[in-house]
There are 2 protein chains.
Amino acid sequence: MIGSGNVSTHLAAALKNAGHRIVQVYSPNMGHASLLAYHVGAEATDDISLIMADTDLFIIAVKDDAIEAVAKQLVLHERLIVHTSGATELQVLMQATANAGVFYPLQTFSKDKELDFRTVPLCIEGANEAITKQLIELGQTISNNIYRVDSAQRKILHLSAVFACNFPNYLYYVAQKILAQHQLDFNLLRPLIMETAVKVQQQFPAVVQTGPAVRNDRQTIAAHLQLLDDNVFLQTLYQLLSEGVMKMDKN
Amino acid sequence: MIGSGNVSTHLAAALKNAGHRIVQVYSPNMGHASLLAYHVGAEATDDISLIMADTDLFIIAVKDDAIEAVAKQLVLHERLIVHTSGATELQVLMQATANAGVFYPLQTFSKDKELDFRTVPLCIEGANEAITKQLIELGQTISNNIYRVDSAQRKILHLSAVFACNFPNYLYYVAQKILAQHQLDFNLLRPLIMETAVKVQQQFPAVVQTGPAVRNDRQTIAAHLQLLDDNVFLQTLYQLLSEGVMKMDKN
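Residues numbered from 1 in each chain as written. Chains lettered and ligands numbered in written order. Predicted model: local features only at pLDDT ≥ 70, side-chain atom pairs only at ≥ 80, totals over all residues. Heavy atoms only, no water.

Participant: How should the interface of chain A and chain B be read in this particular structure?
Facilitator: Interface extent is often summarised as the accessible area lost during association of the parts. Counting residues at the interface gives 94 residues for chain A and 94 residues for chain B. Taken over both partners, the interface formed by chain A and chain B buries close to 9000 Å², and the fraction arising from carbon and sulfur atoms is 69%. The tally of links between chain A and chain B comes to 6 salt bridges. Applying the counting criterion to the chain A and chain B interface returns 33 residue pairs in polar contact (both at pLDDT 80 or more). For the side of chain A that touches chain B, the secondary structure elements donating two or more residues are strand 6 (121-126), helix 6 (151-181), helix 7 (190-202), helix 8 (205-208), helix 9 (218-227) and helix 10 (232-246) of chain A. Take the side of chain A that touches chain B: its biggest share by element is 26 residues, from helix 6 of chain A. Counted by class, the side of chain A that touches chain B contains 51 nonpolar, 27 polar and 16 charged residues. (Contact = heavy atoms within 4.5 Å. Buried area = accessible area lost by both parts, 1.4 Å probe. Salt bridge = Lys/Arg side-chain N within 4 Å of Asp/Glu carboxyl O. Polar contact = N/O pair within 3.5 Å; in protein donor to acceptor, adjacent residues only side chain to side chain. Helix = DSSP H or I, 4+ residues; strand = E, 2+ residues; numbered from the N terminus. Nonpolar A, V, L, I, M, F, W, Y, C, P; charged D, E, K, R; others polar.)

Participant: Looking at this structure, I do not really get helix 1 (residues 6-17) of chain A. What am I missing?
Facilitator: Owing to its 3.6 residues per turn, the α-helix brings residues three or four apart onto one side. Residues and elements named next belong to chain A. Compared with an ideal rise of 1.5 Å per residue, which puts 12 residues at 16 Å, helix 1 spans 17 Å between its outermost C-alpha atoms and is within 8% of the ideal. On its buried side, helix 1 packs onto helix 2 (30-40), strand 3 (57-60), strand 5 (100-105) and helix 5 (129-140). Backbone geometry just after helix 1 places Gly19 at a positive phi near 100°. (Expected span 1.5 Å × (residues − 1).)

Participant: Looking at this structure, how should I read the nonpolar core?
Facilitator: Side chains of nonpolar character tend, in soluble globular proteins, to be buried together. Counting residues in each nonpolar core, the largest one holds 117 residues, and the members touching the most others are Phe163, Tyr170 and Leu237 of chain A together with Phe163, Tyr170 and Leu237 of chain B. Every residue in contact with Tyr170 of chain B, bar those within four places of it in the chain, is listed here: Gln209, Leu241, Gly244, Val245 and Met248 of chain A together with Phe233, Leu234 and Leu237 of chain B. (Core = buried A, V, L, I, M, F, W, Y, C linked by side-chain atoms within 4.5 Å. Buried < 20%, exposed > 50% of the residue type's maximum accessible area, 1.4 Å probe, protein only.)

Participant: I would appreciate a short explanation of the relation of the copies chain A and chain B in the present structure.
Facilitator: Both copies of the chain are related by a screw-like operation: a rotation about an axis and a shift along it. Between chain A and chain B, which share one sequence, the superposing operator has a rotation angle of 180° and an axial displacement of 0.0 Å; the RMSD is 0.0 Å. Taken together, these values place the two copies in the relation of a two-fold axis. Scanning chain A for the C-alpha nearest the rotation axis identifies Pro168 of chain A, at a separation of 2.3 Å. The share of interface residues of chain A whose copies in chain B are also at the interface is 100%, consistent with both copies meeting through the same surface. (Least-squares fit on C-alpha atoms with pLDDT ≥ 70 in both.)

Participant: Can you help me understand the packing of aromatic side chains in this one?
Facilitator: The geometry of an aromatic ring pair is captured by the separation of the ring centres together with the interplanar angle, meaning the angle of the planes. This model, assessed by the stated rule, comprises 12 aromatic pairs over all chains. Pairing Phe167 of chain A with Tyr238 of chain B gives two aromatic rings, centres 5.2 Å apart and planes at 75°, and the pair type is edge-to-face. Placement of Phe167 of chain A in helix 6 and of Tyr238 of chain B in helix 10 (residues 232-246) is noted, with the two residues assigned to different chains. Across the pair, exposure class does not vary: Phe167 of chain A and Tyr238 of chain B are buried alike. Ring centres of Phe204 of chain A and Phe186 of chain B lie 6.0 Å apart, and the angle between their planes is 35°; on these two criteria the pair is classed as tilted. In this pair, Phe204 of chain A sits in the loop between helix 7 and helix 8 while Phe186 of chain B sits in the loop between helix 6 (151-181) and helix 7 (190-202), so the two residues belong to two different chains. Of the residues examined, Phe204 of chain A reaches a relative accessible area of 42% and is grouped as partly exposed. The rings of Phe163 and Phe167 of chain A together with Tyr238 of chain B are connected pair by pair, giving a single aromatic cluster. Here Lys247 of chain A stacks its cationic end above the ring of Phe233 of chain B, 3.7 Å away from the centre of that ring. (Phe/Tyr/Trp six-rings, centres within 6.5 Å; stacked < 30°, edge-to-face > 60°. Lys NZ or Arg CZ within 6 Å of the ring centre and 35° of its normal.)

Participant: Help me understand the domain arrangement of chain A in this model?
Facilitator: Partitioning chain A into domains gives domain 1 (6-149) and domain 2 (162-246). Spacing between the C-alpha centres of domain 1 of chain A and domain 2 of chain A amounts to 36 Å. (Domains from an automatic or database assignment.)

Participant: How should I be thinking about the pattern of salt bridges in this particular structure?
Facilitator: Where charged atoms from two side chains of opposite charge come close, those side chains can pair. Residues and elements named next belong to chain A. One pass over the structure, following the stated rule, counts 20 salt bridges over all chains. Among the ionic pairs, Arg21 bridges to Asp54, the shortest N-O distance being 3.8 Å. Note that Arg21 is positioned in the loop between helix 1 and strand 1 (24-26) and Asp54 in the loop between strand 2 (43-45) and strand 3, a separation of 33 residues in sequence. Under the relative-accessibility criterion, Asp54 is labelled exposed at 51%. A salt bridge links Asp217 to Arg215; the nearest nitrogen and oxygen atoms lie 3.7 Å apart. Judged by relative accessible area, Arg215 falls into the partly exposed class, the value being 35%.

Participant: How do you make sense of the UniProt feature "domain: Pyrroline-5-carboxylate reductase catalytic N-terminal" (unreviewed entry) in chain A when you look at a structure like this?
Facilitator: Here, UniProt's "domain: Pyrroline-5-carboxylate reductase catalytic N-terminal" (unreviewed entry) annotation points to residues 2-83 of chain A. Between the end C-alpha atoms of residues 2-83 of chain A the distance is 9 Å, and the span holds 38% helix and 17% strand. (UniProt positions renumbered as here; feature names shortened; annotations may be inferred.)

Participant: Looking at this structure, how should I read the packing of helix 6 of chain B against helix 10 of chain B?
Facilitator: Angle between the axes and distance between the axes are the two parameters that describe a pair of packed helices. Residues and elements named next belong to chain B. Remark: helix 6 packs on helix 10, axes separated minimally by 13 Å, with the N-to-C direction vectors making an angle of 130°. Viewed along their axes, helix 6 and helix 10 adopt a mutual orientation that is oblique. Seen along the crossing, helix 6 lies across helix 10 with a hand that is left-handed. On the side of helix 6, the interface is formed by Tyr170, Leu171, Val174 and Ile178, while helix 10 contributes Phe233, Leu234, Leu237 and Leu241. Here the contact of helix 6 with helix 10 is composed, by residue class, of 8 nonpolar, no polar and no charged. (Axes fitted to C-alpha atoms, helices over the stretch in contact; angles between N-to-C directions. Parallel < 35°, antiparallel > 145°, perpendicular 65-115°, else oblique. Left-handed = near helix turned anticlockwise from the far one by under 90°.)

Structure (structure tokens):
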């Protein structure tokens, strides 16, 4: 495992639990490397020149802009190298080696929040058909949702994931801050947040849209904008999102 | 029950299931009134002058801008009247009668999606302490989450609910549309949407924020904006939300 962040932590645990051996964890931060290595029974290192070649696979789970440099240092070991990024083309690895692939778990991971890895969609791409098949087989040991996704599709997936996850979570934050300003408890909103996500598990979002904008309730929208008149940024955001809801294509 | 929309449908069912009798359902649309009345064993009417006084409580669950007019027509029956709106002050009812309250279920309801009403936060306000107590008692028969919330707080709650529910659902829609344009399956995103909501059930959103904006990954943000260059609206939205994430207060 190259990297010891959220993705690496969850992926290493899932692989370990499926019976695979994690040989070594590398991180430039030795504390992080040691902690993850400890949890998965691996060795830890913060020196990339000390990475061991005694493995079938290098999994790069680092920041996007570090993938290329890391891959170039790993290539001398002549092992299969994959990255786990939604935003990075396979081509970035293939500049270093033809023995490359992508193993992208489409989920939001936090180190201290467990989740069921078998439900995580794994998006797989190999530099050739043999690698793809090998990665699919590996993927099936930890997830029930395996998808073949090429680099162009993966970028679209990653973009859509930002809209489906990172931005909604930011809006939860906005809601929580508005409540906190008025000494109201975030627990009041938690069931609402949950139900909103549950609804789209079976249906399409356009079908279950609720709220003043989809009802074109101009009076309520105006009242909300007035409540936000100490915060031009949130006013702008409210207006833009309401405009989007109003233009929603219901079909 | 005055109204036969999403809120009325779920509230009537919850009350009925808790052993209360729904006397009558009014809607200007007789088909809608009849359907809900049928499900809860009530009579239906589309003529507001035929509303029966043989009840302890009128529950107004209609559009915000219709509440005042409906209340004025109900007041001659001299019964307790409540509305179920997050956006409307109690004062709107009190112009018609002092025998008034608010019974606001803070949840997103769709007629054809069941949910566990016992988890729904019920925000209660009475024109006096006796009414408040009476409404709290009624509320406790259908929900475990009863909150006393005054009109000013309720407006804040409603505003925050738009950010926590209506806007995230719109963003799910955006994500689904982006996928559909590229022949990708919305099922790929459903576990991600779910997990994002699950995470904030225990933690605060700022703690679990992920994605390129919170990492200040300018390269990925630029690549996403380029993918959106056929849609200026979504580009603007992406930029504004990313800006918000970057300015997030982690404490």
